[in-house]
Amino acid sequence: MNIQLHHADPVLISSLPPDYECKTHPSTYQLTQDWVDLLDSCGDCMQHVLKSLITHLSRPAKSRTSLTVLLFTQYRHLAAQNRQFLSLIENADFQYVTQSHLMKDLTFSKQNLHASFGLLFIKLQILTDESKSEESVLDEIQKAAQSILEAIQTICKITTDIVNEQGDANLTSGTNKRNSLKWTLSDNTSVSSHSSLPNMNTNDLPSPPIVHRHSVLNGLFKDFSLDTPDTHRLSLDASSTSIHPAQSSLFKTNSNQSDIPLSPVSPTEESSKRNSSIVTESSQGSQITTVDDSDDKCSFLQYDYEPNEILFTEDGHVKGGTLPALVERLTLHDYFDMNFNVTFFLTYRSFSTSEQILSLLKSRFNLQPPKGLTEDELNLWENKKLKLVRLRVFNVIKIWLEQYYCEKDYAILDKLLEFTNTTIRNSHSFSANQLVRLIQKRKGSCKDIKSLVATQPADTPEPILPRNLNNFKLLDISAVEMARQLTLIDFRLFSAIQPLECLDKAWSREDSYAIHIQQSIQFCNLMTQWVSDAILSQPEVKKRCALLKYWIHVAERCRQWNNFNTCMAIVSAFDNSAVGRLKRTWEIVGARAQHVVTHLRTLMKAIASSSPHQFRQAN
């Protein structure tokens, strides 16, 4: 195949024509504290998966193969979280902070994250090599996981510093603009107010220039308050979430009291302290009070469900519980269990309904504080529990709509849309916009979202038709075309099966909701009966032999195209006692056909026994 190559000289951006337009994608996220909180929440999820992966490295495993499978499963979960984590960064609006030195640090940290992920994948692949030392490979995997953990923590810290730096720059800009509201008269006398000109009519004064405070960045910092510009920020490092007094009102200032100087705390010192304090000013006098935010000492930061409402296995996995406790487990403020979340969404329809889950998620989002809390404790509860619970609820609903939505959930879309446009939008406007887009996508009313459309490949083979379409027999149909059509039918039935249908052998009950599995089972039973009847209906040995060879050829083609379901149905017909007793027919078939049948039987037994090792040997 000849491919023509054309030389192309590189062109600098500066040398492009003036009318050249560079297409850029609009930014989805503004650099607000809500964006930082969402990024920290996603980073916390990744850190939890990484810590779980590191923990499994030190635990004794049954075999090297089982450990490899477990680590790759966790890697897939980690990669999914990483896509969301990087998407939050890539879709953020950094146009006003491009000159900041922190942007170089952010770019470098992102590159480290990519490199560490690639290194972790390579080390996991090396683990599958039995010739390599397991101990040394596990040490390298742990180092790669630790480097990812450090990169995530660094990125979260840098993004927090960028938002803080931009907020400080915005405050300074607003102050400078207010101080510059002066104008000069014709005699070069600078005045700042009308009261300094008693002999002049104020109506004759020129109008001062109108300067809108934060006119440029107003939309960018719409959630940022200007009431406390001189207040230092303190970090409560419970879940790598920074709490800003401008938003959380942790600092209460009495105008009658003298200001209490607060020494600034570096971000490194803040993040290194697990048990920090909130500094407040007492309304009774200039007194500094501290509230210990240690989770084991603050009962109002504990879980809301009772210990007897949820059961765990010996290895710490959830075994069962009440529905409210399970939903709370989905949205814990200080713990994220991806395996539990996946299991819950795959199975909840067997013991609950989507309406009940949505109602409980609403209750979690509108979580009420315990009674009897002081003002400082209430602020601590809001920032260390309520804010994180709401972020978890948003992520759970988002994953629900993206990955676990089914047609039966259509009835809750209107309720979910109302909840998003009212309750969620009041606290997280950008999160509400994302959910609205997803809901509209599921309702089919969003035109700007591309939907997946099934397309046929260009190399679709031409059908092999019988010579006489008006009058033909079974043997007139090509075995290849028969295998094709049976594979298409089986695939259509298999792709319609929903995950819920696989639970608790639902297909074995008469009033079952597993209708697609029952249709697939019925198809296989009909195939087995058809093949048996086609062979046994022929009175002559030669005709029975021809039909037996035909179906052996069809079964072999199905195996080549990975249609094991239809292949097993045909092999089951060969194992029928009536067909198996046809000794003369099997003798005439020949050794090659019998060898193919023996191979298919071995393969089907390996699949039925669910043994991957036997399946590989048979295949």
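Below, the structure is looked at part by part. (Residues numbered from 1 in each chain as written. Predicted model: local features only at pLDDT ≥ 70, side-chain atom pairs only at ≥ 80, totals over all residues. Heavy atoms only, no water.)

## Digging into the nonpolar core
Trp 35, Phe 85, Phe 94 and Ile 141 are the most contacted members of the largest nonpolar core, which has 84 residues in total. Among the elements that make up this core, the one with the highest residue count is helix 4 (residues 134–179) (14 residues). Counting the residues that make up this core, at least three belong to each of domain 1 (33–168) and domain 2 (320–444). Among residues more than four places away in sequence, those in contact with Ile 141 are Leu 53, Leu 57, Leu 71, Leu 120, Lys 123, Leu 124 and Leu 127. (Core = buried A, V, L, I, M, F, W, Y, C linked by side-chain atoms within 4.5 Å. Buried < 20%, exposed > 50% of the residue type's maximum accessible area, 1.4 Å probe, protein only. Helix = DSSP H or I, 4+ residues; strand = E, 2+ residues; numbered from the N terminus. Domains from an automatic or database assignment. Contact = heavy atoms within 4.5 Å.)

## Concerning the packing of aromatic side chains
This model, assessed by the stated rule, comprises 17 aromatic pairs. Between Phe 340 and Phe 344 the ring centres are 6.1 Å apart and the planes differ by 40°, which places this aromatic pair in the tilted class. Of this pair, Phe 340 and Phe 344 are both found in helix 8 (residues 338–347), four residues apart, which corresponds to roughly one turn of the helix. Accessibility expressed as a relative area gives 3% for Phe 344, which makes it buried. Geometrically, the ring pair formed by Phe 345 and Tyr 348 is edge-to-face, given 6.3 Å between the ring centres and 85° between the ring planes. We classify Phe 345 as buried; its relative accessible area is 3%. Chaining the aromatic ring pairs together yields one cluster made of Phe 340, Phe 344, Phe 345, Tyr 348, Phe 351, Trp 400 and Tyr 404. Over the aromatic face of Phe 365 sits the side chain of Arg 390, whose NZ or CZ is 4.9 Å from the ring centroid. Here the guanidinium or amino end of Arg 601 rests over the ring plane of Trp 586, the centre of that ring lying 5.9 Å away. (Phe/Tyr/Trp six-rings, centres within 6.5 Å; stacked < 30°, edge-to-face > 60°. Lys NZ or Arg CZ within 6 Å of the ring centre and 35° of its normal.)

## Examining the packing of helix 10 (residues 375–403) against helix 11 (residues 413–427)
Close contact between helix 10 and helix 11 brings their axes to 13 Å; oriented N to C, the two are set at 150°. Here helix 10 lies roughly antiparallel to helix 11, going by the angle between them. In this structure, helix 10 meets helix 11 at a crossing whose hand is left-handed. Together, Arg 390, Ile 397 and Leu 401 of helix 10 and Leu 413, Leu 416, Phe 419 and Ser 427 of helix 11 make up the contact between the two elements. (Axes fitted to C-alpha atoms, helices over the stretch in contact; angles between N-to-C directions. Parallel < 35°, antiparallel > 145°, perpendicular 65-115°, else oblique. Left-handed = near helix turned anticlockwise from the far one by under 90°.)

## Brief notes about a negative patch on the surface
Together, Asp 129, Glu 130, Glu 134, Glu 135 and Asp 139 line one region of the surface with negative charge. In this fold, Glu 134 is placed in helix 4. (Patch = residues over 30% accessible without salt bridge, like charges linked within 9 Å, V, L, I, M, F, W, Y side chains within 5 Å. Areas by Shrake-Rupley, 256 points an atom, 1.4 Å probe, with all protein chains shown as cover. Salt bridge = Lys/Arg side-chain N within 4 Å of Asp/Glu carboxyl O. Lys, Arg positive; Asp, Glu negative; His and termini not counted. Charge placed at Lys NZ, Arg CZ, Asp CG, Glu CD.)

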